[in-house]
Amino acid sequence: MSNFFIDRPIFATVLAILITLMGSIAFALLPVARFPQITPPSVVVSATFPGADAQTIEQSVAAPIETQVNGVPNMLYMDSKSSNDGTYNLTVTFEVGTAQDIAAVDVQNQVAIAQRQLPADVLRQGLTITKRQPQALVYIALKTTDPRYDYLFLSNFAALQVIDSLARIPGVGQVQQFGARDYGMRIWLDPGKMSRLGVTTQDIANALNEQNVVAPAGIVGAEPAPRGQQMTYTVMVHGRLASVQEYENIVLRTGTNRAIVRLKDVAQIQLAATDYTRSSRLKGQPVAMVGVYQLPDANALDVAKKVRATLAQLSARFPSGITAEIPLDTTEFVTESIKEVEITLFIAASLVLLVVFMFLESWRATLIPMLAVPVSLLGTFTLFVGLGFSINTLTLFALVLAIGLVVDDAIVVVEAVTEKLEAHGMSPRDATRAAMADVSSPVIAIALVLSAVFVPVAFLGGLTGQFYRQFALTLSASVLISAFVALTFTPASSAGSTAHSPAPRANTRIPCGARSAGRPSRWRSLAQWLSLLPCWSRGGRPGFCPRTIRDTCSWSRSCPRVHLFSAPRRCWRRCDRS
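Since this is a predicted model, take the numbers as computed values, not measurements. (Residues numbered from 1 in each chain as written. Predicted model: local features only at pLDDT ≥ 70, side-chain atom pairs only at ≥ 80, totals over all residues. Heavy atoms only, no water.)

1. Details of the overall build of the protein chain
- For the protein chain, the helix and strand inventory stands at 18 helices and 16 strands.
- For the protein chain, the residues scored as buried account for 39% of the 578 residues in total.
- The contacts in the protein chain between residues at least 6 apart in sequence include a share of 76% that link residues at least 24 apart.
- Of the accessible surface of the protein chain, which amounts to about 31,900 Å², a share of 57% is contributed by carbon and sulfur atoms. (Helix = DSSP H or I, 4+ residues; strand = E, 2+ residues; numbered from the N terminus. Buried < 20%, exposed > 50% of the residue type's maximum accessible area, 1.4 Å probe, protein only. Contact = heavy atoms within 4.5 Å. Areas by Shrake-Rupley, 256 points an atom, 1.4 Å probe, with all protein chains shown as cover.)

The following block contains the structure:
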């Protein structure tokens, strides 16, 4: 095979360029993450039963849904939570590698079967089935310095002006508001007045259902119309109530003496929040906290960048006194890690270049094996697409280690060609042919032996195998590509680059150990120590983690319903002091 490419150096060069271009395109399209996708995919089912306690939700909502969802294909386990605030959340976790779209469809089909057993109020509120990453990518906090805007206003402003724009960003799986509060008409009943006027809660519920509806009134003059009808009118009536005064004037009962009992006679109506059990704070101040979750196959850095750009555009239209802040961005650690890896890649490539030049003592001979480095590393990204890998700290770490390995095959070829030129006085093309006949089998053997060391790691089971699979296959793929380059592109370059120049005399300016009467050369010892430097971090500590350590802490506090208004404030004060 090597003779074929030696006779066709242009074909070998074009092949190397194609590998490099394909790898560059794949590099731009691959998702970026901190670690490989080792978290099992999950699907979340959410429901709301207004006014119900946890036990009622467990019996009327959780039991029918979990009975149907249990046993869906590839399911590992379920985790549900029924709360006293009327909310229900079921998290269904699937095996690693399960397609999340198919899993969401399976769960949705089973939930649809259970809907006929659910209470009408739950169906009226709606069931939500979402697929998302378990951890939010970016947290956004809306805060205000204007006393006119309270927490209720901030929560609704985030729901109307921010969440919809963020949800349209490509790569975003879900946008969730923590501690959300919606505007609602709160009706505070007075039992004493209700008893004196003979009004029950069922009377009030029936009046609300009858008089607070959206009623289509029809069309006047629609076809079939009598002859001469020239105009058609759409009748619009006042249906859904919107103000406090309209709710106050709801008629509950009429008497025989034309006495009318209205809702304001037995209750106090107030436009306020529908729920006071949840809230969010940042540094002790109430804020509207929004979490952005990415899709499993999305590029985390690209999504975070688009979220910041969208938030900047939205902030320009915010009212005076409202600002947006990002208290936590999980991609900052990824960005810092990638920067450290890029610097490590540059240092490792420079040290390899220096060591190779010390032994070959020719820039022309050094350039040939160094060309194999970008071809092998970028070509590895092409395999990432087919294997479903992402650009993360483990794959980049494998590429750092691969720099010293991918250049070995090319060095073996160049040294063999140089030896044939000096010892036998052959022409460059004949020397390359003779050298490849000697080293082709060792180059293939080196690649297979190195692959045999790392490939078995990819077959480890459990979480360890999932975690190190991308590292092992990345290193093996780069070594195999480097062997292919050493058998095709390197001999073609060696035959062409030395055709019009005298062969360099290796090791004439820098003495090696063999020519120093058995004494180790200072240059050789220096080269050996330099070759070990890429294995140490920039901070002088063994390891691969950058100095920036991600350290976050979050918690939630629950308070009894009997202390609905006083207990949360005490909880927040304790959290702020801690």
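2. Some words on the pattern of salt bridges
- With the rule as written, the count across this model stands at seven salt bridges.
- Here Asp121 ties to Arg124 by a salt bridge, and the two come within 2.5 Å at their closest N and O atoms. Linking Asp121 with Arg124, this pair stays in helix 5 (residues 120-125), spanning three residues, or about one helical turn.
- Taken together, the salt bridges that share partners define one network made up of Arg308, Asp329 and Glu332. (Salt bridge = Lys/Arg side-chain N within 4 Å of Asp/Glu carboxyl O.)

3. A closer look at the nonpolar core
- With 28 residues, the main nonpolar core has Val373 and Phe381 as its most contacted residues.
- At the level of secondary structure, the elements contributing two or more residues to this core comprise helix 12 (331-360), helix 13 (363-387), helix 14 (393-424) and helix 16 (462-497).
- In terms of residue count, the dominant contributor to this core is helix 14 (ten residues).
- With near-sequence residues (within four places) excluded, Val373 lies in contact with Ile403, Val406 and Val407.
- Listed in part, the 26 residues of the second largest apolar core include Leu154, Val162, Leu166 and Ala300. (Core = buried A, V, L, I, M, F, W, Y, C linked by side-chain atoms within 4.5 Å.)

4. Points about the packing of helix 14 against helix 15 (residues 428-454)
- With their axes 8 Å apart at the nearest point, helix 14 and helix 15 run at an angle of 150 degrees to one another. Overall, the two elements helix 14 and helix 15 adopt an arrangement that is roughly antiparallel. Both helix 14 and helix 15 take part in a crossing whose hand is right-handed. Together, Leu405, Asp409, Val412, Val413, Ala416, Val417, Lys420 and Leu421 of helix 14 and Pro428, Ala431, Thr432, Ala434, Ala435, Met436, Asp438, Val439, Val443, Ile446 and Leu450 of helix 15 make up the contact between the two elements. (Axes fitted to C-alpha atoms, helices over the stretch in contact; angles between N-to-C directions. Parallel < 35°, antiparallel > 145°, perpendicular 65-115°, else oblique. Left-handed = near helix turned anticlockwise from the far one by under 90°.)

5. Some words on the sheet that holds strand 6 (residues 172-178)
- As summarised here, the arrangement of the four strands in space is 6-15-5-16, forming an open sheet in which the pairing is antiparallel. The sheet is open, and its two edges are formed by strand 6 and strand 16 (322-329), each paired on a single side. Averaged over all neighbouring strand pairs, the angle between strand axes comes to 20 degrees, with direction disregarded.
- Of the strand pairs in this sheet, strand 6 and strand 15 (residues 288-294) are connected by six bridges, and their pairing is antiparallel. Across the sheet, Gln174 pairs through a bridge with Tyr293, a residue of strand 15.
- Packing of helix 11 (residues 300-315) onto the sheet brings it into contact with strand 5 (138-144), strand 6, strand 15 and strand 16, and relative to strand 16 it is tilted by some 165 degrees. (Pairing = 2+ DSSP bridges.)

6. Comments concerning empty space enclosed by the protein
- Throughout the structure, instances matching the rule amount to two cavities of 30 Å³ or more.
- Of the pockets and cavities examined, the second largest cavity occupies roughly 40 Å³.
- Lining of the second largest cavity is provided by Ala12, Leu15, Ala16, Ile19, Val375, Phe484, Val485, Thr488 and Phe489.
- Secondary structure elements with two or more residues in the lining of the second largest cavity: helix 2 (9-29) and helix 16.
- Considering only residue class, the lining of the second largest cavity consists of eight nonpolar, one polar and no charged. (1 Å grid on protein atoms, 1.4 Å probe; cavity = no way out; pocket = protein on both sides within 12 Å on 5 of 7 lines; lining within 4 Å. Points joined across faces, edges and corners; volume = space filled by probe spheres on them. Nonpolar A, V, L, I, M, F, W, Y, C, P; charged D, E, K, R; others polar.)

7. Some remarks on the packing of aromatic side chains
- Taken as a whole and judged by the stated rule, the model has nine aromatic pairs.
- Seen in terms of ring centroids, Phe4 and Phe11 are 5.9 Å apart; in terms of plane orientation they differ by 85 degrees. Their pairing is edge-to-face.
- The exposure class of Phe11 is partly exposed, given its relative accessible area of 43%.
- Pairing Tyr149 with Phe153 gives two aromatic rings, centres 4.7 Å apart and planes at 20 degrees, and the pair type is stacked.
- Grouped by ring-pair contacts, the aromatic residues Phe27, Phe381, Phe384 and Phe389 constitute a single cluster. (Phe/Tyr/Trp six-rings, centres within 6.5 Å; stacked < 30°, edge-to-face > 60°.)

8. Structural notes on the packing of helix 13 against helix 14
- Where helix 13 contacts helix 14, the two axes come as close as 8 Å, and the packing angle between them is 140 degrees. Looking at the two axes, helix 13 sits oblique to helix 14. For the pair helix 13 and helix 14, the crossing hand works out as right-handed. Taken together, the residues of helix 14 that come into contact with helix 13 (itself represented by Ala365, Ile368, Pro369, Met370, Ala372, Val373, Ser376, Leu377, Thr380, Phe381 and Phe384) are Thr395, Leu399, Ala402, Ile403, Val406, Val407, Ala410, Ile411 and Val414.

9. Describing the environment of Val375
- Along the chain, Val375 falls in helix 13.
- Using a relative accessible area of 6% as the deciding quantity, one classes Val375 as buried.
- Distance in space between the C-alpha atoms of Val375 and Ala16 is 6.5 Å, their sequence separation being 359 residues.

10. Looking at the confidence of the model for the protein chain
- In the predicted model, the protein chain carries a mean pLDDT of 78, and 83% of its residues have values of at least 70.
- Looking across the protein chain, the model is least confident in helix 17 (residues 522-532), with a mean pLDDT of 46, and most confident in helix 3 (residues 54-69), with 92.
- Per-residue pLDDT stays below 50 along residues 498-551; that stretch engages in 66 contacts with residues further than four places along the chain or on separate chains.
- Segment residues 560-565: pLDDT under 50, and seven contacts once partners within four positions in sequence are set aside and those in other chains are kept. (pLDDT = per-residue confidence, 0-100.)

11. Examining the environment of Lys143
- With respect to the secondary-structure elements, Lys143 resides in strand 5.
- Lys143 gets classed as partly exposed once you look at its relative accessible area, which sits at 33%.
- On a C-alpha basis, the gap between Lys143 and Met289 in space is 9.0 Å, while along the polypeptide they are 146 residues apart.
- For Lys143, the side chain forms a polar contact with the side chain of Glu325, separated by 2.7 Å. (Polar contact = N/O pair within 3.5 Å; in protein donor to acceptor, adjacent residues only side chain to side chain.)

12. Topic: helix 14
- For helix 14, built from 32 residues, the straight-helix expectation of 46 Å at 1.5 Å per residue is met to within 8% by its first-to-last C-alpha distance of 48 Å.
- If you look at helix 14, its biggest bend is around 40 degrees, right at Ala402.
- At the exit of helix 14 stands Gly425, carrying a positive phi of roughly 65 degrees. (Expected span 1.5 Å × (residues − 1). Bend = angle between axes of the 7 residues up to and from the residue.)

13. Points about helix 15
- Look at helix 15: 36 Å from first C-alpha to last across 27 residues, which is about the 39 Å you get at 1.5 Å a residue.
- The largest bend along helix 15 measures about 45 degrees and falls at Val439, with the proline Pro442 one to four residues further on.

14. A word on unusual backbone geometry
- Note the cis peptide between Glu223 and Pro224, where omega equals 0 degrees.
- Among the structural elements, Pro224 can be located in the loop between strand 8 (219-220) and strand 9 (233-234).
- Here Asn74, not a glycine, exhibits a phi torsion of approximately 65 degrees, which is positive.
- When you line up the elements, Asn74 lands in the loop between helix 3 and strand 2 (75-82).

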